[in-house]
There are 2 protein chains.
Amino acid sequence: MARPTVNDIAKAAGVSLATVDRVLNARPGVREKTVARVNSAIEQLGYVRDVTAANLARQRRYRLVFVLPDMPALFVRTLRDAINEAIANSVTERTDVRILTFPNDNPHALVRSLRELGADDTDGVAIFAPETPHLRDAIVRLKAEGIPVVALVSDLPNTERDHFIGVDNVAAGRTAGFLMGKFLGNTGGSVMVLVSSMQARDNVERRLGFDQVMAESFPEIEVLPSLENHDNEDLTARVVTAVLAERGDINGIYSVGHGSHALVDLLRGYGRRSNITVIGHELTDVTRDALRDNLMDAVISQNVGHIVRSALRVLRAKSDGLDIVQSQERIRIEIVVRENLV
Amino acid sequence: MARPTVNDIAKAAGVSLATVDRVLNARPGVREKTVARVNSAIEQLGYVRDVTAANLARQRRYRLVFVLPDMPALFVRTLRDAINEAIANSVTERTDVRILTFPNDNPHALVRSLRELGADDTDGVAIFAPETPHLRDAIVRLKAEGIPVVALVSDLPNTERDHFIGVDNVAAGRTAGFLMGKFLGNTGGSVMVLVSSMQARDNVERRLGFDQVMAESFPEIEVLPSLENHDNEDLTARVVTAVLAERGDINGIYSVGHGSHALVDLLRGYGRRSNITVIGHELTDVTRDALRDNLMDAVISQNVGHIVRSALRVLRAKSDGLDIVQSQERIRIEIVVRENLV
DNA sequence: TTGTAGGCGTTATCAC
DNA sequence: GTGATAACGCCTACAA
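In this report, we go over the structure that sits alongside the text.

Cut-offs used in this document
Residues numbered from 1 in each chain as written. Chains lettered and ligands numbered in written order. Predicted model: local features only at pLDDT ≥ 70, side-chain atom pairs only at ≥ 80, totals over all residues. Heavy atoms only, no water. Axes fitted to C-alpha atoms, helices over the stretch in contact; angles between N-to-C directions. Helix = DSSP H or I, 4+ residues; strand = E, 2+ residues; numbered from the N terminus. Parallel < 35°, antiparallel > 145°, perpendicular 65-115°, else oblique. Left-handed = near helix turned anticlockwise from the far one by under 90°. Contact = heavy atoms within 4.5 Å. Nonpolar A, V, L, I, M, F, W, Y, C, P; charged D, E, K, R; others polar. Expected span 1.5 Å × (residues − 1). Buried < 20%, exposed > 50% of the residue type's maximum accessible area, 1.4 Å probe, protein only. Arc of directions from axis to C-beta. 1 Å grid on protein atoms, 1.4 Å probe; cavity = no way out; pocket = protein on both sides within 12 Å on 5 of 7 lines; lining within 4 Å. Points joined across faces, edges and corners; volume = space filled by probe spheres on them. Least-squares fit on C-alpha atoms with pLDDT ≥ 70 in both. Buried area = accessible area lost by both parts, 1.4 Å probe. Salt bridge = Lys/Arg side-chain N within 4 Å of Asp/Glu carboxyl O. Polar contact = N/O pair within 3.5 Å; in protein donor to acceptor, adjacent residues only side chain to side chain. Phe/Tyr/Trp six-rings, centres within 6.5 Å; stacked < 30°, edge-to-face > 60°. Lys NZ or Arg CZ within 6 Å of the ring centre and 35° of its normal.

**Structural notes on the packing of helix α11 (residues 261–270) of chain B against helix α12 (residues 285–292) of chain B**
Residues and elements named next belong to chain B. At a minimum axis separation of 10 Å, α11 and α12 run at an interaxial angle of 30°. Here α11 is positioned roughly parallel relative to α12, judged by the angle of their axes. In this structure, α11 crosses over α12, and the sense of that crossing is left-handed. Side by side, α11 and α12 meet where H261, V264 and R268 of the first sit next to V286, D289 and A290 of the second. Broken down by class, the residue content of the contact of α11 with α12 amounts to three nonpolar, one polar and two charged.

**What to know about helix α9 (residues 201–217) of chain A**
Two residues of an α-helix separated by three or four positions point the same way, owing to the 3.6 residues in each turn. Residues and elements named next belong to chain A. In a regular helix each residue adds 1.5 Å, so 17 residues correspond to 24 Å; α9 covers 24 Å between its end C-alpha atoms and thus fits that length. All buried positions along α9 are accounted for by D202, N203, R206, R207, G209, F210, V213 and M214. Burial along α9 is one-sided: seen end-on, the buried residues are contained in an arc of 165°. Residues A215 and E216 are exposed on α9 and point more than 90 degrees away from its buried face.

**A short note on the side chain of A:Q302**
Tracing the sequence through the fold places A:Q302 in the loop between β10 (298–301) and α13 (304–320). Here A:Q302 is in contact with A:F75, A:V153, A:G166, A:V167, A:R206, A:E282, A:I307, A:I331 and A:R332, once residues within four sequence places are set aside.

**Observations regarding the layout of surface pockets**
There is about 1200 Å³ of room inside the second largest pocket. Along the wall of the second largest pocket there are 38 residues; nearest its centre are A:K182, A:F183, B:K182, B:F183 and B:G185. For the lining of the second largest pocket, a count of residues per class yields ten nonpolar, 18 polar and ten charged.

**Focus on the relation of the copies chain A and chain B**
Two copies of a chain can be linked by a rotation about an axis combined with a shift along that same axis. The two copies are related by a screw motion: chain A maps onto chain B through a turn of 180° and a shift of 0.0 Å along the axis, at an RMSD of 0.1 Å. Here the two chains are linked by the operation of a two-fold rotation axis. Residue by residue, 98% of the interface of chain A is reproduced at the interface of chain B, so both copies engage with the same surface.

**Thoughts on the interface of chain A and chain B**
Tallying the contact residues gives 41 residues for chain A and 40 residues for chain B. Note on chain A versus chain B: buried area summed over both sides is about 3700 Å², and carbon and sulfur give 51% of it. The interface formed by chain A and chain B holds eight salt bridges in total. Between B:D50 and A:R94 there is a salt bridge; the shortest N-O distance is 2.5 Å. The interface formed by chain A and chain B holds 19 residue pairs in polar contact (both at pLDDT 80 or more) in total. Within the residue set of the side of chain A that touches chain B, elements represented by two or more residues are α4 (51–57), α5 (74–89), α8 (169–184), α9, α13, α14 (326–329) and β11 (334–336) of chain A. Among the elements that line the side of chain A that touches chain B, the one with the most residues is α8(A), at seven residues.

**Looking at the packing of helix α5 (residues 74–89) of chain B against helix α13 (residues 304–320) of chain B**
Residues and elements named next belong to chain B. The contact between α5 and α13 brings their axes to 9 Å, and the two run at 50°. Here α5 lies oblique to α13, going by the angle between them. Read as a crossing pair, α5 and α13 show a hand that is right-handed. In this structure, α5 uses F75, T78, L79, A82, I83 and A86 to contact α13, whose residues at the interface are V304, G305, V308 and L312. Broken down by class, the residue content of the contact of α5 with α13 amounts to eight nonpolar, two polar and no charged.

**Remarks on the packing of aromatic side chains**
How two aromatic rings sit relative to each other is given by the distance of their centres and the angle of their planes. Tallied over the entire structure, the rule returns five aromatic pairs over all chains. On the numbers, 5.8 Å between centres and 50° between planes, the contact of A:F183 with B:F183 is tilted. With one member in each of two chains, A:F183 in helix α8 and B:F183 in helix α8 (residues 169–184) form a pair that bridges those chains. A cation over a ring is seen here: A:K182 above B:F183, with NZ or CZ 5.3 Å from the ring centre.

Structure (structure tokens):
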């Protein structure tokens, strides 16, 4: 039998469509008694609103905004590409997507962009940015205007964001550590740790998880202190070369950040004659090639396509005050090796 | 500016709504000249039909069917659970889902079930079953009736199925082999291969991929012939125990099928005192616990939730003659270890 | 061969 | 407070 409609509840409750609608959308101007009557009819018939019909009637468009840093790291470009692909496919989903870019070294510019957004022109915001007090304030304001906000890739735990879409970076680091330990076996040796910057919370969390697992499960392997390379190729080359020369026992490199470009370039120069296990994060053109060419052994990643689609679904749902399907929105920590590329 | 509607094309082409509709849906009774005029208006305005409005108007429901074997293997139950979860969440998607079960040793029963389905009561079928001549015929008939058919998990390459939703099992086997080789390191030794049955095409393909990689990249490791255990616990225990006793050099076990239950039970008895690397397929309650308890080292898997949702999307799209978003429908070969569980 | 009118389930603008 | 009534974008009798 067919789903009950507003007409059915109207009949059942002995009121008109308009009244049912008022109750459904919690609009004022209905006696409490009537509200109760309508609600019980809704209960009894098991009514669930047809969102597509509602959206048609109100000519709804979801105006969503992605906020991204203007970083050189390939991962950000990968994310941007995924967003653009989603845009291309969203014509059919009543969704208008804008991308706002901010200079990644300038949190004020970010906040300034965010200030432009109001409930009159945006229905949801997805933010990929480091947490700062200014950003916290900006989010407070967005929420005060009733605009849903989700954190992307890097969580903003001390803000009022509605949802975080990304992976647990401690677990991602633990996964990297587990693979490093298993790949090295019980041969001892030591692992060099490369990181773009220890400012970013994701990097810190990954390093933490990595160290946990190495200490717990592979104590015979020594993990060296982090080397910050700021995504600089020359610096990377110099530092890595120096450390490799200095210590003869290095058999693993862990690249914590999402910019393994410099490292991969260097390794490509070596031609992998060194028998070093290399593990990094985020699947990009660079790391994909590196896996294929045996320059890297594993990449811990998160599916950007999934992240973007999840952000869109979650923001639309929040904007409608609807529930989300948890299992569908969980972003998995993916392990990518040579053989399961794509 | 707003998306053009049928009204806009009607105006632009100087015809009525009904004519536009006839052209859009390729219905007969329109002069070629008129068709051309309407089509060029559609082109010019960049019209793209609002599927939700169309579905509302025609009170469209997608009546989809999943066909599954009645197997004891936990993987099938996992898949079934995922379908039921999807059903629970599909109220809002104009989709009615039925599950048809057939005794897995009886392909005739499968074909008989399929015969019941007609264009009058089903809009799409997703089939998880081994390919047989009878099944091929049944699919020919479904397609002849205009019913979209997708293969689930295990491809049906020699049939007219519209789409395959699942992973490349050769690549899955290669991935297992890669991890086995990396985990064992260059210690030599030999790997025992357990398989429920070599009848199933997926098992054969995985074994093939596994052997490829082992031969190419880890020639120092010996891979033993497949032991068929037919998911039987007693048999597994006897065989595995015997082989382990007979050959002292076994340091790896590869469980090819999707029923690692018997093996895990046995290993649990051993308490993992044996230093054997164990790799299997499909994440289920059993393999999840085994990873957590260090009884297994890695599980190669495919996300059943994703598979089911993909099947629904693809069948709906095919049913409407729409394109699918390839990148969204590609099922990934997932590697699951202790640290990236869930 | 083409057009008119009404309806799909919901919302919104009026009156009463 | 409440109820007709007309949209939204599309489809489908039924007329013409």
